[in-house]
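Working through the structure, step by step
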Amino acid sequence: MTSQPGKHAPVPRRTVLGTALGGAAAAALPGTAHAGQPLSAEQLADATPVAAGGRRPWRLRDTMATDRAWDTFLRGQDLLWTRLPTRWYEGPFLGDGLLGSMVYQEPGANRIRFTVQHGRVQDHRPELGSSWGTCRLPVGHLTLDPVGTITSVDWRLSLWNAELTGTVTTTAGTLTLSALIHDEVFAARVTADGGEQVTWTFHPEEAVSPRRISEAPPADYTVNPPWTTRTADDGTEQVLQPLIGGGQTATAYRRTGDELLLSVGHSFPSDTAAEAASLRNLRRAASYRALRRRHTPWWHAFYQKSFVSFPDQRLQSFYWIQLYKVASASRAGGPVMATSGPWLEPTPWPAVWWNLNVQLEYWLIHGANHLELDSLATTLRQNQEQLIANVPAAYRSDSSGVGRSSDMFATRTVGMPGTGNEAGNLTWALHNVWLSYRHSMDESLLRDTVFPVLRRAINYYLHFLTPGSDGKLHLPSTLSPEYPVVPPQDTNYDLALIRWGCQTLIESAEVLGVDDELVPRWQEVLAKLTPYPVDDNGFMIGAGTPYAQSHRHYSHLLMVYPLYLVNWEQPENRDLITKSVVRWQALAAAHRGYSYTGAASMYAMTGDGDTAITYLRKFFDPTTRYPCQANTHYTEAGPVIETPLSASQSLHDMFCQSWGGVIRVFPAVPSAWADVTLHDFRTQGAFLVSAVRKAGATRFIRVKSLASEPLRLRHGLSGTLTVLLDDGTPARTQDLGDGTLAIDLPRGREVLVHSGTRPDLTIAPVAVSEPGPAWGLP
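My aim in this report is to walk through the structure given alongside it, one point at a time. These numbers come from a predicted model, not from an experiment.

1. Regarding helix 12 (residues 425-440)
- Under the 1.5 Å per step criterion, the end-to-end length of helix 12 is 23 Å for 16 residues, consistent within 8% with the ideal 22 Å.
- Taken across its 16 residues, helix 12 has 15 buried, putting it largely inside the fold.
- Looking one or two residues past helix 12, Met-441 carries a phi angle of roughly 55 degrees, positive in sign.

2. Considering the sheet that holds strand 7 (residues 93-95)
- Overall, antiparallel pairing links the 5 strands, which are arranged 7-8-9-10-15 in an open sheet. Only two strands of the sheet have a single partner each, and these edge strands are strand 7 and strand 15 (200-204). Averaged over neighbouring strand pairs, the angle between their axes works out to 20 degrees when direction is ignored.
- Summarising the sheet, strand 7 and strand 8 (residues 99-105) pair through 3 bridges and their orientation is antiparallel. In the sheet register, Gly-95 faces strand 8, and the bridge partner there is Gly-100.

3. Thoughts on the environment of Ile-577
- Among the secondary structure elements, Ile-577 is positioned in helix 16 (residues 574-586).
- For Ile-577, a relative accessible area of 2% gives the class buried.
- C-alpha of Ile-577 to C-alpha of Thr-606: the two residues are 29 residues apart in sequence and 9.3 Å apart in space.
- For Ile-577, the contacting residues outside a window of four places in its chain are Val-560, Val-566, Asn-567, Trp-568 and Met-605.

4. Observations regarding the packing of aromatic side chains
- Scanning the model with the defined rule gives 44 aromatic pairs in all.
- Residues Trp-428 and Tyr-493 carry aromatic rings whose centres are separated by 6.1 Å and whose planes lie at 75 degrees to one another, so their mutual orientation is edge-to-face. Here the residue Trp-428 occupies a position in helix 12, and Tyr-493 occupies one in helix 14 (residues 492-512), the gap between them amounting to 65 residues.
- Exposure remark for Trp-428: the relative accessible area of 1% places this residue in the buried category.
- Looking at Tyr-493, the relative accessible area reads 0%, which means it is buried.
- The ring of Trp-775 is capped by Arg-314, whose NZ or CZ atom sits 3.5 Å from the centre of that ring.
- Looking at Arg-499, its charged tip hangs above the ring of Tyr-532, at a distance of 4.4 Å from the centre.

5. Side note on the pattern of salt bridges
- Summed over all chains, the structure comprises 31 salt bridges.
- Between Arg-521 and Glu-524 there is a salt bridge, with its nearest N and O atoms 2.9 Å apart. Highlighted residues: Arg-521 and Glu-524, both in helix 15 (residues 519-528), separated by 3 residues, approximately one helical turn.
- A relative accessible area of 22% places Arg-521 in the partly exposed class.
- Note that Asp-744 is salt-bridged to Arg-732, the shortest N-O span being 3.2 Å. With Asp-744 in the loop between strand 37 (740-743) and strand 38 (750-755) and Arg-732 in the loop between strand 35 (721-725) and strand 36 (733-737), this pair connects stretches of sequence that are 12 residues apart.
- Judged by its relative accessible area of 40%, Arg-732 falls in the partly exposed class.
- Shared partners join several salt bridges into a network, and the residues in it are Glu-482, Arg-552, Arg-592 and Glu-636.

6. Notes on the sheet that holds strand 30 (residues 663-665)
- An order of 29-30-34-37-36 is seen for the 5 strands of this open sheet, with the pairing classed as mixed. Strands at the two margins of the open sheet, each flanked by one partner only, are strand 29 (656-657) and strand 36.
- With 2 bridges joining them, strand 30 and strand 34 (residues 711-714) adopt parallel strand pairing. Bridge pairing in strand 34 links Arg-664 to Arg-714.

Cut-offs applied
- Residues numbered from 1 in each chain as written.
- Predicted model: local features only at pLDDT ≥ 70, side-chain atom pairs only at ≥ 80, totals over all residues.
- Heavy atoms only, no water.
- Helix = DSSP H or I, 4+ residues; strand = E, 2+ residues; numbered from the N terminus.
- Expected span 1.5 Å × (residues − 1).
- Buried < 20%, exposed > 50% of the residue type's maximum accessible area, 1.4 Å probe, protein only.
- Pairing = 2+ DSSP bridges.
- Axes fitted to C-alpha atoms, helices over the stretch in contact; angles between N-to-C directions.
- Contact = heavy atoms within 4.5 Å.
- Phe/Tyr/Trp six-rings, centres within 6.5 Å; stacked < 30°, edge-to-face > 60°.
- Lys NZ or Arg CZ within 6 Å of the ring centre and 35° of its normal.
- Salt bridge = Lys/Arg side-chain N within 4 Å of Asp/Glu carboxyl O.

In C-alpha cells:
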C-alpha cells in the first residue's frame, strides 16, 4: 500500500482580486484580454461604439421575459398521460413543500387514488429509533370513485401552473378534473358528464411505520391508537389521529359543489393544535379558484429565477420536472426532505438519511438560483441543541453529530470513531449549507449555522485523532457509507471531511473576523493528518482496506467530488483520479442510480462531457437495474428522491462549475449538444451567469455580481476578448492564464465577455436536435 497526499483546492479569498489586479494588470488596457495583450484603439472603438452622450451600453435580449413565453416553453416539458398509471412512480404528483399527493389507480380497484401525505407528520418516540419511533407516518388517501369502468385518461401535469388537468373516460361518461396543492391545502375540481357522477372518499391509513414492509416492529413497539372522526359545524369532516408519543395529526376536508378541499395539520407536543390548524387552512383557502389565484403567481415567479435550455428534449424536460419536484418537496423554513420527499409510500426508509441522500437532494437548488428551497440549512440551524444531544455525553461540551437516519429534527445518536460507525454525516451535510453560503455570500448563514455547527462537528473528530509512529495524525475505525467492510483506521470518507472542515473553519474565521482559539489546532491537523490511503487501483476505502467489493456510494471518493480537494486542475493527481473512478465503476454489481449520476459529475470535472453524458444516460436506461421511472421518480426497495435530483446537478456540472474560486462556463458540454443557453445561473461568489453556446462555440458570457466577490472566469473563448461593464465602459481585467480571466466587478454591476465582433445577445430556448417522448405515460 502507498499513500497519496491530498492537495487542497484553493478557497476564494476576499483579497484575491486585489492581488490579481496588481502589478502588470495595472498597466494593461481595461476591457481587453488575449494572452495579456490589449486591443488596439481601433478594436476598442469597434467593440464599444460611441453614441451621443457617451458609450452605448449593451443589453441582453431575453425572449423568456414574459409569462406567455414561459407558458409556451414549459408546456413543451409537461408530463402527459393517455394511460391510467397503476403505480406511484408512474403517476402525476403535486406538492407545496409540506403536503404532497401522487395520483394513480387504486390497487385492484376501479378507482383513482390521490395520496395524502405531509412532511411534518411523524411519530415522536425516539427510544424506538428513526425507523419505528420517529419515522414519517402515513396520513391517508382520497379516491375518486366513478360509476363506470375506467377506459382511458387524458391528463397533463402543467409545470408552469403546477396543476393537474384532464379527463377520465368511463363506460358511463366522462369526469373532467383539475387539482393542485397550495398553502397545505389539496384542492380538486371535478365535473361529470353523461351517466357519470363525482364521488370522493377519504381513507385514513393506520399510523404505523411504513418500514413494516421490510421487517417486524421492535418487541416493545405499541401501535398508535385508532383515529376518530368528527363533523364541524360548517360540515367539514375531520379525521383525528392521536399519537402515543404525544402530538396529533388532523385531516380536514370539505366538499362544496364540484370542489373538494382537504388540509392536513400536525402538532407536537400539543394533542389538539393540529385539529385547529387543518380547519384554519381550509377557511383560508375558501375555494379552488381563490386558492389558484395565490398558487399560480408563486410558481410563475419561481421558474423565472433562472433558465436552462439544451437540445435533448427528453433530458431537458427531465431537468425542468426536477425543479418542479424539488419545489414541491422543500421550502426554506420547512422540514428537511425525507428519502421519499412528501410523498410517503410503503418503504424501508421512512426517515431522513444523512449519509448521502440529504446531500444529493439539495445540490441542484444552488445553480438553479433557488436558495429559497433550502430546508436543510433551516433544519441544521433550528436543531443545534439536538445535534449536540446526538453525541455521547462526554463530548457534548464542544461537539455535535448526527447518525445515519433521523426524523425531521435530526434526532439520532452518532457512533464514536473506534467503534466502526459513521462519524462524518453532519460534516458532509454542512458542506451543502456552506454551498448555500457560497452561492449567496450571506454572512449570517456562515455566522449562525455553518461556522458554529461545523466547529462542533470537527471537534468531535479531533477528540479521536491520535499521532502515529510516522508523526501523522490517524483516525480509528469508522465506516465508509455504505461499504460492508470497516477499515481499521483512516477511512477516506472521514479524512476528506476532516480536511475540508478544518480548511473551511480557518477561512470562515477570517471572513467573520473571529480570533478563534482553535485555529492553530485546525492548522496542525491540515499539516499532520495522514495522507489518503491509496493502492494500485486508486483511492482505498481506508487504511488496510482496498476497494475490493462493489460500492453503490462514492463515499471513499468525496475528496474528488463534491469536495474537489483532489481535482483535475492538479496534474499530479489526474492519474489517481482516473484510476479511482474507473475502479469504482468497474465493480458495478451494487450500483444504483446515483452511482451513475456521481460518475457523470466526476467526469464533468475532468472536462469530458461525452463520458459524463454516457454515465448519466445509464440512469435513464430501462435495461439497468434501477432506472429513472415514468414520472421521473426513482425507487429501489421504496421511494428515494435524491437520485433524480442529483441527475440535474450532473447536468449543472456539464454547463457551469464554480469550485475553487473559478467560474467555468460550459466546461463539459457533450459534443452532440452544439447549442446551450444559460440565464441567471447562480455560482459560488453570488454571481449570476448568462451564456449562450451556438454551433459548438461559446458566443458570449454575462456575469452579474451580487456580493462584490472576486471574479475569476474560465470563459472558453478564443481570440481577443472584449470585456465591458453594463454602462459600456471597459472592465479592469487580468489574464491569469489557462483561459482564466480576473475581472473587477463591483456588487450590482454586470460584465459582458465575448470575442470578435459583438454577437447576438439573445437569451432563448435552443432548438431540439434529439427529440423524445414526454414523461408520464404519453
